[in-house]
Amino acid sequence: MTAARLTRLPAWAALRAHHAAVQTTHLRELFEADPTRGERLTAEAAGVFLDYSKNRVTDETLKLLLQLAEECQLRDRVEAMFGGEKINVTENRAVLHTALRAARGSTVNFDGRNVVPDVHDTLDRMAAFCDRVRSGDWKGHTGKVIRSVVNIGIGGSDLGPVMAYEALRHYTDRTRTFRFVSNVDGTDFAEAVRDLDPAETLFIVSSKTFTTQETMTNAATARAWLLATLKDDAAVAKHFVAVSTNAAEVSKFGIDTANMFGFWDWVGGRYSMDSAIGLSTMLAAGPDGFREMLAGFRAMDEHFRTAPFAQNLPVLLGLLTVWYVDFFDARSVAVLPYDQYLKRFPAYLQQLTMESNGKCVTLAGAEVDYATSPVYWGEPGTNGQHSFYQLIHQGTNLIPCDFLMFGKSLNPVGRHHDLLTANVLAQAEALAFGKTAAEVRAEGVAEALVPHKTFPGNRPSNVLVVEKLTPFALGSLIALYEHSVFTQGVVWDVGSFDQWGVELGKVLAQRIVPELSGAGELKHDSSTNALIRRYRAGRGA
C-alpha cells in the first residue's frame, strides 16, 4: 500500500518545525505580547461570532495552516462539492446536501439537471402535509385528531430529528407530543408509546430503502401495536407515513405512497436532517420555522463557499482541529453548548464528525500515517462543570473545547442567563490562563495543597457567540460544523461521505440472528460461539 501524500507537503513539514518552536509557548505569553489579540483573532458570519484568540496559535501558525489548506486544494474541493461532482468516490455519488437548502429559483446541477425544483417540490409537499396535521384536518382512522407523532429511524434518520426537536422545542407546537424511536432494543419502543393513544398517534418511518433492519423491526412493532387496538389494516394508511424512496415496500407495509416523502442518493444520512428526514421537525416547528432553519444553513453555505479562508469560520475551525490532532496529539474535542435546548447537539455531532472522518485510508486507498478524526463529546451548560471539566482543566490530556454562548435566553428568568454567561466566559478564561503556583501561594494556601490548586492553563478553546437560539441560528451552526468536518477531511485526504466501517458488524449481526434461536452450526471464534451458547441457554433455546 502506498503512503499518504499529506506528510510530504511543504506546509506540513513547515508546521512540524513550527510546532517544535512554539509547543511550549503559553497563552499568557501570547496575550501579553499582543494586547489586541482578543479583538483581532475573531471572525463573524451567518449570525455566528467566533473568538479563536484562546488557541495556541501565532500569526505564523495561521499562515502555515492556511498554506496547508491551499496545498490540499481545499478551494477546488469546495467547488467540486457545490458543483455536484461525485466526490464520494467509493460509492460514485455526488455530495449535494447544500442543495437541500438552496433558494427557490436557484440552480444546482447534477448530471446536467437542476435539482432545486425537485427539492422544493418535496418541501412543498411536506409543508402541505404538516399544515393538514397541525390544523387538525388530517385525522386518524377513528376520526380523532393526531396528538402524538413518533419518528422511527436510526443514525441520520434519528439523531438529526431528535437534536432539532430538542433545540427548537421553544418554537414547537405544544399541543402535540413528539417521540423518537431508534434503538432495536424493545425498551425504546415500549417507553415511547407507553402513554400514547393509538387512535391519536402518527408514525413517521424513516428509511431510504425501507429495509433498514432496526428501523423496520421497530416499524413492524409499531404497526402491530396500532392494529392491536384499531383492528383494521386500513388504519395503517391514516397513522403511518414514510420517508423513503422504495415505493413498493412502502405500499406493501400499508402506507399510501401519496404520503411517501423521498430524498436522493446525493444526500448522505448524517447530512439529511434538512431533507424529508426532517418531517418531524417541520411538524413540530411548522413549515415557516423549518424554512427559517434552511435559511440559516444557506447563509453559512454561502459564507463557506465564498469567504477568504483567513476569515472563513468552518475553515478556521477545521484547520485548528487538524493543528491539535496532528501536532499536539489531541484525541478528542469537547463541544459545550451553554443552552439547555442544545443538550443533544454534541450527540448529533458525534455521527457527523466521527462517521465522516473516522478513516484510516486515503481516498486513493493509501494507509494514513497521521491521526484523523478526534472523538467529539460534550454536555450542555454548567452540568459538565460539575463532572468532566476537572479532566479538561487538570488532566493529562489536551482537550480543545468549543464553547457555544448565546446573548439572550429564550426563557429569561431572574439572573439565570447572566450566571450562565459568566460561567462560560470564566471557563474559557480559566482554561487559557490557569493559575500559577505563585498565585496560589499568594492566597495563603498551605504548601502541601499548592500543587493541587495550581491550574496549568494553556488549554485551547473557541468561543462561538450567537445572539439567540432561533431556527436560523440552528441551521447556521449545523452547517458550520458540516463544513468544518469537510475541511478536515480534505486535509486528511479521506472520504468524508461514506461509512463502510458500520457495515461489517451489520452483516455479522444478520448471520447471528438466526443462530440465537438455535439454528445452524456455529462457525465464529471461540469467544463469540461461547457467548451465543450462553445466550441460548438463558432463553431456553
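Criteria and cut-off values
- Residues numbered from 1 in each chain as written.
- Predicted model: local features only at pLDDT ≥ 70, side-chain atom pairs only at ≥ 80, totals over all residues.
- Heavy atoms only, no water.
- UniProt positions renumbered as here; feature names shortened; annotations may be inferred.
- 1 Å grid on protein atoms, 1.4 Å probe; cavity = no way out; pocket = protein on both sides within 12 Å on 5 of 7 lines; lining within 4 Å.
- Helix = DSSP H or I, 4+ residues; strand = E, 2+ residues; numbered from the N terminus.
- Polar contact = N/O pair within 3.5 Å; in protein donor to acceptor, adjacent residues only side chain to side chain.
- Points joined across faces, edges and corners; volume = space filled by probe spheres on them.
- Nonpolar A, V, L, I, M, F, W, Y, C, P; charged D, E, K, R; others polar.
- Domains from an automatic or database assignment.

Draft legend 1. The UniProt feature "active site" (unreviewed entry) in the protein chain, seen in detail. As annotated by UniProt and renumbered to match this structure, "active site" (unreviewed entry) occupies Glu-355, His-386 and Lys-506. Taken together, the annotated residues stretch across 152 residues and extend over separate regions, lying up to 37.3 Å apart by C-alpha. Among the annotated residues just listed, those lining the largest pocket are Glu-355 and Lys-506. Assignment of secondary structure puts Glu-355 in helix α14 (residues 345-357). Separated by 2.8 Å, the side chains of Glu-355 and Arg-270 make a polar contact. Within the secondary structure, His-386 sits in the loop between β11 (375-377) and α15 (389-394).

Draft legend 2. A look at empty space enclosed by the protein. On inspection of all chains with the given rule, the structure shows four cavities of 30 Å³ or more. Reported here for the largest cavity is a volume of approximately 100 Å³. Forming the walls of the largest cavity are 13 residues, and the residues nearest its centre are Leu-317, Thr-321, Val-333, Asp-402 and Asn-462. For the lining of the largest cavity, the elements supplying multiple residues, two or more each, are α13 (313-327), β12 (401-406) and α19 (471-492). For the lining of the largest cavity, the leading source of residues is α13, giving four residues. Here the lining of the largest cavity is composed, by residue class, of eight nonpolar, four polar and one charged. Roughly 50 Å³ of internal volume is contained in the second largest cavity. Lining the second largest cavity are His-18, Val-22, Thr-25, His-26, Leu-27, Leu-30, Arg-56, Val-57, Thr-58, Thr-61 and Asn-458. Of all elements in the fold, only α1 (10-22) and α2 (27-33) reach the threshold of two or more residues within the lining of the second largest cavity. Residue composition of the lining of the second largest cavity, by class: four nonpolar, six polar and one charged.

Draft legend 3. Representation of the layout of surface pockets. Taken as a whole, the largest pocket encloses approximately 1200 Å³ of empty space. The wall of the largest pocket is formed by 43 residues, among which Thr-212, Gln-499, Val-502, Glu-503 and Lys-506 lie closest to the centre. Residue assignment for the lining of the largest pocket shows that the elements contributing at least two residues are α9 (213-230), α14 and α20 (503-515). Per-element tally for the lining of the largest pocket: the top contributor is α20, with eight residues. Tallied by class, the residues present in the lining of the largest pocket amount to 15 nonpolar, 19 polar and nine charged. Both of domain 2 (98-288) and domain 3 (503-539) provide at least three residues apiece to the lining of the largest pocket. Roughly 410 Å³ of internal volume is contained in the second largest pocket. Taken together, 17 residues line the second largest pocket, and the ones lying closest to its centre are Gln-340, Ser-409, His-416, His-417 and Leu-420. Partitioned by chemical class, the residues of the lining of the second largest pocket number seven nonpolar, nine polar and one charged.

Draft legend 4. Just the domain arrangement of the protein chain, in detail. For the protein chain, the assigned domains read domain 1 (6-72 + 307-492), domain 2 (98-288) and domain 3 (503-539). For domain 2 and domain 3, the distance between their C-alpha centroids amounts to 33 Å.

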